[in-house]
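# Overview (structure and organization)
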Amino acid sequence: MQSRLSVGGHWAANDLKFMVWFGLSSGRAKLLSALWAAQGDLVETRSLGLSRHTVYVYVSDLRTALYPGAIHTRSKFGYALTISGLAECAAALEAMSRDALAAGCAAGRIAA
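The residue count restarts for each chain, going from 1 along the sequence in the order it is written. Under the rules for a predicted model, residues below a pLDDT of 70 receive no local features and side-chain atom pairs below 80 are neither given nor counted, while totals for whole chains, interfaces and linings still include all residues. Side-chain metrics in this entry use all non-hydrogen atoms of the structure; hydrogen atoms and water are not considered.

## Structural notes on the sheet that holds strand β2 (residues 71–74)
Taken in spatial order, the three strands of this open sheet run β1-β3-β2, and their pairing is antiparallel. Only two strands of the sheet have a single neighbouring strand rather than two, namely β1 (43–44) and β2. One ladder, built from four bridges, connects β2 with strand β3 (residues 78–81); its direction is antiparallel. Paired with Thr-73 across the bridge in β3 is Tyr-79. If DSSP finds at least two bridges between two strands, the strands pair. Counting from the N terminus, the helices are the DSSP runs of H or I reaching at least four residues and the strands are the DSSP runs of E reaching at least two.

So, in structure tokens, the structure goes:
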């Protein structure tokens, strides 16, 4: 049984970028991607398709991986990225994209 965080069993690009940049497991990266997709709006715990305990553990781990204050909690209801959390995720995605582009350009020069 797949959780609602899963995208048809396939990795979403942001999940992979968050896994690499922040050193997250796949489940934690998917949760961060869901928070990122909400762009600061509250994501209800029940909408994630995971147990409340699992979400709590994942969010606790995300709080360790991200800067302090990156995630807002509405007790027993849900979570949202704060302005600083959104900025940190945007910077991570931009850096990963820039690095991938640079690596692609370098590979193109080598192949040519």
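## Focus: the packing of aromatic side chains
Aromatic ring pairs: the centre-centre distance and the angle between the two ring planes describe each pair. Working definition: a ring pair exists when centres of Phe, Tyr or Trp rings (six-membered ring for Trp) sit within 6.5 Å. Plane angles under 30 degrees give stacked, over 60 give edge-to-face, the rest tilted. For the coordinates displayed, the defined rule picks out one aromatic pair. Residues Phe-18 and Phe-22 carry aromatic rings whose centres are separated by 6.0 Å and whose planes lie at 40 degrees to one another, so their mutual orientation is tilted. With a gap of four residues between them, Phe-18 and Phe-22 both fall in helix α1 (residues 13–22), about one helical turn apart. Taken individually, Phe-18 and Phe-22 each receive the classification buried, so the pair is uniform in this respect. Charge-over-ring contacts are defined here by two conditions on Lys NZ or Arg CZ: a distance within 6 Å of the ring centre and an angle within 35 degrees of the ring normal. Directly above the aromatic system of Phe-77 lies the positively charged group of Arg-74, at a separation of 4.7 Å from the ring centroid. To sort residues, take the accessible area from a 1.4 Å probe on protein chains only and compare it with the maximum for the residue type: under 20% means buried, over 50% means exposed, and anything in between is partly exposed.

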